[in-house]
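Here is how the chains run, residue by residue.
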Amino acid sequence: MEKIKSKGYAMFSKDGPFRPYEFERHAVGDNDILIKIMYAGICHSDIHQARSEWNEKEHYPMVPGHEIVGQVIQVGKNVTKFKVGDYAGVGCMVNSCKDPNCETCRHNREQECVDAVFTYASKDKFHGGEITQGGYSNNIVISEEFAIKVPADADFEKVAPLLCAGITTYSPIQFSKVRKGDKVAVAGFGGLGHMAVQYLVRIGADVTVFDVSEEKREVAMKMGAKEFVDVSKSPNFYKDHLNEFYFILSTIPAKYDMSAYLRMLKFGGEFAIVGLPATKNLPSISLNSFVFTPNRKIYGSMIGGIKETQEMLDYSVENNIYPKVKIIKGTPDEVAKQITEAYNTIVNGEVQFRFVIDMRNL
Ligand SMILES: [Zn+2]
Ligand SMILES: [Zn+2]
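What you see is a predicted model, and the numbers here were worked out from it, not measured in a lab.

Some remarks on the packing of helix H4 (residues 165–175) against helix H5 (residues 193–203)
In contact at an axis separation of 9 Å, H4 and H5 are set at 45 degrees when each is read in the N-to-C sense. Classified by the interaxial angle, the pair formed by H4 and H5 is oblique. Of the two possible hands of crossing, H4 and H5 adopt the one that is right-handed. Contact residues: Ala 165, Gly 166, Thr 169, Tyr 170 and Ile 173 in H4; Met 195, Ala 196, Tyr 199 and Leu 200 in H5. Of the residues in the contact of H4 with H5, the class split is 7 nonpolar, 2 polar and no charged.

Okay, structure coming up:
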């Protein structure tokens, strides 16, 4: 079977910059589809991985990107979910064991499977141990079970970030069963946070936003937040909100005072963590805080399974919930340069809110 030729944008070392890069992907197997990528979002995790900030094994050249949308241009002979011309999305993973005896795969939580293959910089044991390459590229081959169906009336420029930023925030909101009228908070109003606010407002929750940038106040309020707190103004910002929230979602990708957020939860409240700071910049919390702020729960959440990702995508398109995006396009050299610059903008916390790379002319 013939390998697939791909063009993309890669980092060649942890210091960058991005440069155009040509590589090969595995052939389209009987259960696979080939997607011509239209758009790929830039996620903060891409930056951590590309800059090797999670102390993981380094794989360069690295083509990041796990927020992908495109059109199906080839299908394997056993494929039933897609036909040529359909639109498809790819998120953070491209495979898992799918063994009926696997506890996590059986419960539609493939992201936890010990054999899960992530979309880039991940060893793919189902394809001879090749290292996966992500969505900052013109195409991708994926098993149909791991591709998400995207309705033809979706807003394609904006749909890609749903595949990571969307599911990452949608999933804990479902897990904590947030309901209409609940007092809830979102900490960090960036790529993830502004998705969370939209889902929570849609449910009818009463949403407070915490962020370090006064400039984001207006957008947060426009999206339906009831209150915006600029935490950079005072380290005691939490004292006006003690024992108040049923649910707090932290998307903060840097060091912060976790106990402040714990103290804002009410009895039985739940604090969900989805932000992933660099390893050298991890927040921590004193064990005693759990006792002095009793009967509150803290848990982490990582994307969502394929079934829930499909539910999230259908729900988002139906309810017109999309990220705010800034499109990167131009010649391959210009795009490479703009991705490199976008990374710096995101790290500086200046972004409003998701960069999306236009891959259609690559
Ligand atoms: Zn992501
Ligand atoms: Zn499994």
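A word on the sheet that holds strand S16 (residues 265–273)
Reading across from one edge, S14-S13-S12-S15-S16-S17 is the order of the 6 strands in this open sheet, with parallel pairing throughout. Taken across any chain shown, the strands that pair with only one partner, and hence form the sheet edges, are strand S14 (227–230) and strand S17 (297–300). Direction aside, the axes of adjacent strands within the sheet are offset by 15 degrees on average. One ladder, built from 4 bridges, connects strand S12 (residues 183–187) with strand S15 (residues 245–250); its direction is parallel. What sits directly across from Ala 185, in S15, is Ile 248.

Details of the packing of H4 against helix H9 (residues 306–318)
Taken N-terminus to C-terminus, the directions of H4 and H9 make an angle of 100 degrees; their axes are 10 Å apart at the nearest point. Taken together, the axes of H4 and H9 lie roughly perpendicular to each other. Of H9, the residues touching H4 (which contributes Gly 166, Ile 167, Tyr 170 and Ser 171) are Glu 308, Thr 309, Met 312 and Ser 316. Here the contact of H4 with H9 is built from residues that sort into 3 nonpolar, 4 polar and 1 charged.

Digging into H9
Compared with an ideal rise of 1.5 Å per residue, which puts 13 residues at 18 Å, H9 spans 18 Å between its outermost C-alpha atoms and is within 8% of the ideal. Check the buried side of H9 and you find it contacts strand S5 (87–90), strand S11 (148–150) and H4. Looking one or two places after H9, you find Asn 320, whose phi comes out positive at around 55 degrees.

Here we look at H5
In terms of burial, H5 is a largely internal element, 8 of the 11 residues being buried. All buried positions along H5 are accounted for by Gly 193, His 194, Met 195, Ala 196, Val 197, Gln 198, Tyr 199 and Leu 200. The secondary structure elements touched by the buried residues of H5 are H4, S12, strand S13 (206–211), helix H6 (217–222) and S15. Where H5 terminates, the next one or two residues include Gly 204, which has phi positive at roughly 100 degrees.

So, how was this worked out
Residues numbered from 1 in each chain as written. Chains lettered and ligands numbered in written order. Predicted model: local features only at pLDDT ≥ 70, side-chain atom pairs only at ≥ 80, totals over all residues. Axes fitted to C-alpha atoms, helices over the stretch in contact; angles between N-to-C directions. Helix = DSSP H or I, 4+ residues; strand = E, 2+ residues; numbered from the N terminus. Parallel < 35°, antiparallel > 145°, perpendicular 65-115°, else oblique. Left-handed = near helix turned anticlockwise from the far one by under 90°. Contact = placed C-beta atoms within 7 Å. Nonpolar A, V, L, I, M, F, W, Y, C, P; charged D, E, K, R; others polar. Pairing = 2+ DSSP bridges. Expected span 1.5 Å × (residues − 1). Buried ≥ 20, exposed ≤ 12 C-beta atoms within 10 Å, placed from the backbone.

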